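Listed below, chain by chain, are the residues.
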Amino acid sequence: MYIILYVRVLRKPPHALVPLLIAGDDSSHFSCIAQELEANMHQRHLQQGFYLTNFIFYMALYTIAIGAGGTKPNISTFGADQFDDFNPNEKEIKASFFNWWMFTSFLGALIATLGLVYIQENLGWGLGYGIPTVGLVLSLVIFYIGTPIYRHKVRTAKSLARDLVRVPIAAFRNRKLQLPTNPSDLYEHEHQHYISGGKRQIYHTPALRFLDKAAIKEGSNIGSSRTPLAVTQVEGFKLVFGMVLIWLVTLIPSTIWAQINTLFVKQGITLDRKLGRNFQIPAASLGSFVTLSMLLSVPIYDRYFVPFMHRKTGNPRGITLLQRLGIGFSIQIVAIAIAYVVEVRRMHVTKANHVIGPKDLVPMSILWLLPQYVLIGIADVFNAIGLLEFFYDQSPEDMRSLGTTFFTSGIGVGNFLNSFLVTMVNKITRRETKSWIGDNLNDCHLDYYYAFLFVLSIINLGAFFWVSSRYIYKRETMGEESLCVQLEGKV
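Since the structure is predicted, the reported quantities are computational estimates derived from the model, not experimental observations.

Points about the overall build of the protein chain
In step 1: Along its length, the protein chain carries 15 helices and 7 strands.
In step 2: Expressed as a percentage of its 491 residues, the buried residues of the protein chain come to 40%.
In step 3: Across the protein chain, contacts joining residues at least 24 apart in sequence account for 73% of those joining residues at least 6 apart.
In step 4: Working note: accessible area of the protein chain is about 27,500 Å², and carbon and sulfur atoms make up 65% of it.

Written out as structure tokens, the structure is:
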């Protein structure tokens, strides 16, 4: 009878379990079984609901990631492409585009940090997610309304990856051939070919001379399948290779930037966060000062610094793109040096007041961390915006989206590198008497880790100077007037 009843129970909804089972001879015994089965069924329904909720949640996150992967590398490129390089007025305005594009991006981040976080914590997560959803729908509608008036650049290359791969292969195939002393003897299309095709011709540069063998005329039959590559194609590969080198020396600065949401926050949690009697600053909210300092610095840079330096150097951008990056990296080094000094001060206060526990507060104001946040925000005006503009400007014409992908991927790899460094340093130093980075910052040597990042940044800055000193900016002609687009000189 128990088996029959049990089968029948499983086929009934939970609310039908009790009436069915207490109908037997021993009602109390059946009642206990019914309650247990009802609890099991309820638990099973909860687990199914939990798995379904998790599935929907993570699918939403992955959808956002996929969407961001499509928009972030392209939205700034598409915006910059709206300016006509053949129009002197638009070309001058384009030089400021990335400053103000990044300004609006950080303004949105500030609104989200201050406004949406408050709404989510006080009014509910549903409303907190609903507001940006409505904003995204509205932005999509506005985007499609403007579709008829957007400028769309026609793609002139059939296969970008194929062109990149062909250059080193052709150079290796012609490795035994002698390079001509005059670069004009290398194979290149007539200028009319670029005008009629709406392409840009890139001038020859003396860098990576071995690759010029891909454009040697000797040993090739013009017009056949073994036609040599044009100088413009070879120079396109050189540009990408040069950008890869610059990208590599930007990973350490991206690692420094990652401290904003990691170790800087851990520092802030240990400090006195009270302002007045009733207000307490969330440690993570100090990151807003990075955004604020950047929002204040961008107009100053664009309206005062650039015109001032333009009068001094004659460069439409005021300074070259690599000089801008170098200044930003240097400011970051100053910021990490200040972080080291503040941490030494924090440890001194910790020892003086016998603060040992992981949750014990150090009698030191959290505002001590403010300078390092502000300096990193100012550095972003130089290196973050400068990197985005550099990769866009120096990319071959048909690879502008690839160039901005360098920028976003550098930030991502920098965060991974930061996690790797923290993990490895923690594993190595844990064997000593006191770990550099641990759960209890009051009993760690975080100052040693900041000193390590400082030394690493100095070495990286030296590598950046070495790479940039050998980098040759892109020179190209465009249109019937053969205007030279070289805004930069050799660093």
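Brief notes about the nonpolar core
In step 1: Among the nonpolar cores identified, the biggest contains 60 residues, and L322, F390, F391 and Y471 are the most heavily contacted of them.
In step 2: Of all the secondary structure elements, the ones that give two or more residues to this core are α4 (88-122), α6 (160-173), α8 (231-248), α11 (287-313), α12 (321-352), α13 (370-394), α14 (400-429) and α15 (446-469).
In step 3: For this core, the element with the most residues is α13, which contributes 9 residues.
In step 4: Not counting residues up to four positions away in its chain, the partners in contact with F390 are M243, I246, L321, L322, Y471 and Y473.
In step 5: Counting residues in hydrophobic clusters, the runner-up holds 30 residues, among them A335, I336, I366 and V425.

Here we look at the environment of Y392
In step 1: Relative to the helices and strands, Y392 resides in helix α13.
In step 2: Look past the residues within four positions of Y392 in its chain and what remains in contact with it is T77, A80, D81, K94, F98, R400 and T404.

Quick notes on the side chain of R324
In step 1: For R324, the location among the structural elements is in helix α12.
In step 2: Here the side chain of R324 touches E389 through a polar contact of 3.4 Å, side chain to side chain.
In step 3: Apart from residues no more than four positions distant in its own chain, R324 is found in contact with N99, Y301, I319, V381, F382, N383, I385, G386 and E389.

Section: the packing of α8 against α14
In step 1: Between α8 and α14, the least distance of the axes is 10 Å, while the angle of their chain directions is 30°. Classified by the angle their axes make, α8 and α14 are roughly parallel. Considering only the axes of α8 and α14, their crossing is right-handed. Facing α8, whose interface residues are M243, V244 and W247, α14 presents F406, S409, G410 and V413.
In step 2: When the residues that make up the contact of α8 with α14 are grouped by side-chain class, the tally is 5 nonpolar, 2 polar and no charged.

A word on the pattern of salt bridges
In step 1: Counting across every chain of the model gives 8 salt bridges.
In step 2: Two residues, D212 and R209, come together in a salt bridge whose shortest N-O distance is 2.9 Å.
In step 3: In this structure, the salt-bridge partner of D302 is R303, at a minimum N-O distance of 3.7 Å.
In step 4: Exposure remark for D302: the relative accessible area of 7% places this residue in the buried category.
In step 5: Several salt bridges share partner residues, and in doing so they unite R209, D212, E235 and K238 into one network.

A look at the confidence of the model for the protein chain
In step 1: Overall, the prediction assigns the protein chain a mean pLDDT of 78, with 81% of residues at 70 or greater.
In step 2: Contacts from residues 1-30, a stretch scored under 50 in pLDDT, to residues over four places away or in other chains number 31 contacts.
In step 3: Scored below 50 in pLDDT, residues 479-491 shows 37 contacts in the model against residues more than four places distant or in partner chains.

Points about the packing of aromatic side chains
Two descriptors summarise a pair of aromatic rings, namely the distance from one centre to the other and the angle between the planes of the rings.
In step 1: What the rule picks out here adds up to 19 aromatic pairs.
In step 2: Look at Y301 and F382: their rings are 5.3 Å apart centre to centre, the planes differ by 85°, and that puts the pair in the edge-to-face class. Of the two residues, Y301 is situated in helix α11 and F382 in helix α13; the sequence distance between them amounts to 81 residues.
In step 3: Judged by its relative accessible area of 4%, Y301 falls in the buried class.
In step 4: For F382, a relative accessible area of 10% gives the class buried.
In step 5: A centroid spacing of 5.4 Å and a plane angle of 55° characterise the contact between F390 and Y471, whose relative ring orientation is tilted. Taken together, the positions of F390 in helix α13 and Y471 in the loop between α15 and β6 (476-478) put the pair 81 residues apart, joining distant regions of the chain. Assigned by exposure class, F390 and Y471 land together as buried.
In step 6: Of the aromatic side chains, those joined through ring pairs into one cluster are F390, F391, F406, Y471 and Y473.
In step 7: Between R175 and the ring centre of F172, over which it is positioned, the NZ or CZ distance is 4.2 Å.

So, how was this worked out
Residues numbered from 1 in each chain as written. Predicted model: local features only at pLDDT ≥ 70, side-chain atom pairs only at ≥ 80, totals over all residues. Heavy atoms only, no water. Helix = DSSP H or I, 4+ residues; strand = E, 2+ residues; numbered from the N terminus. Buried < 20%, exposed > 50% of the residue type's maximum accessible area, 1.4 Å probe, protein only. Contact = heavy atoms within 4.5 Å. Areas by Shrake-Rupley, 256 points an atom, 1.4 Å probe, with all protein chains shown as cover. Core = buried A, V, L, I, M, F, W, Y, C linked by side-chain atoms within 4.5 Å. Polar contact = N/O pair within 3.5 Å; in protein donor to acceptor, adjacent residues only side chain to side chain. Axes fitted to C-alpha atoms, helices over the stretch in contact; angles between N-to-C directions. Parallel < 35°, antiparallel > 145°, perpendicular 65-115°, else oblique. Left-handed = near helix turned anticlockwise from the far one by under 90°. Nonpolar A, V, L, I, M, F, W, Y, C, P; charged D, E, K, R; others polar. Salt bridge = Lys/Arg side-chain N within 4 Å of Asp/Glu carboxyl O. pLDDT = per-residue confidence, 0-100. Phe/Tyr/Trp six-rings, centres within 6.5 Å; stacked < 30°, edge-to-face > 60°. Lys NZ or Arg CZ within 6 Å of the ring centre and 35° of its normal.

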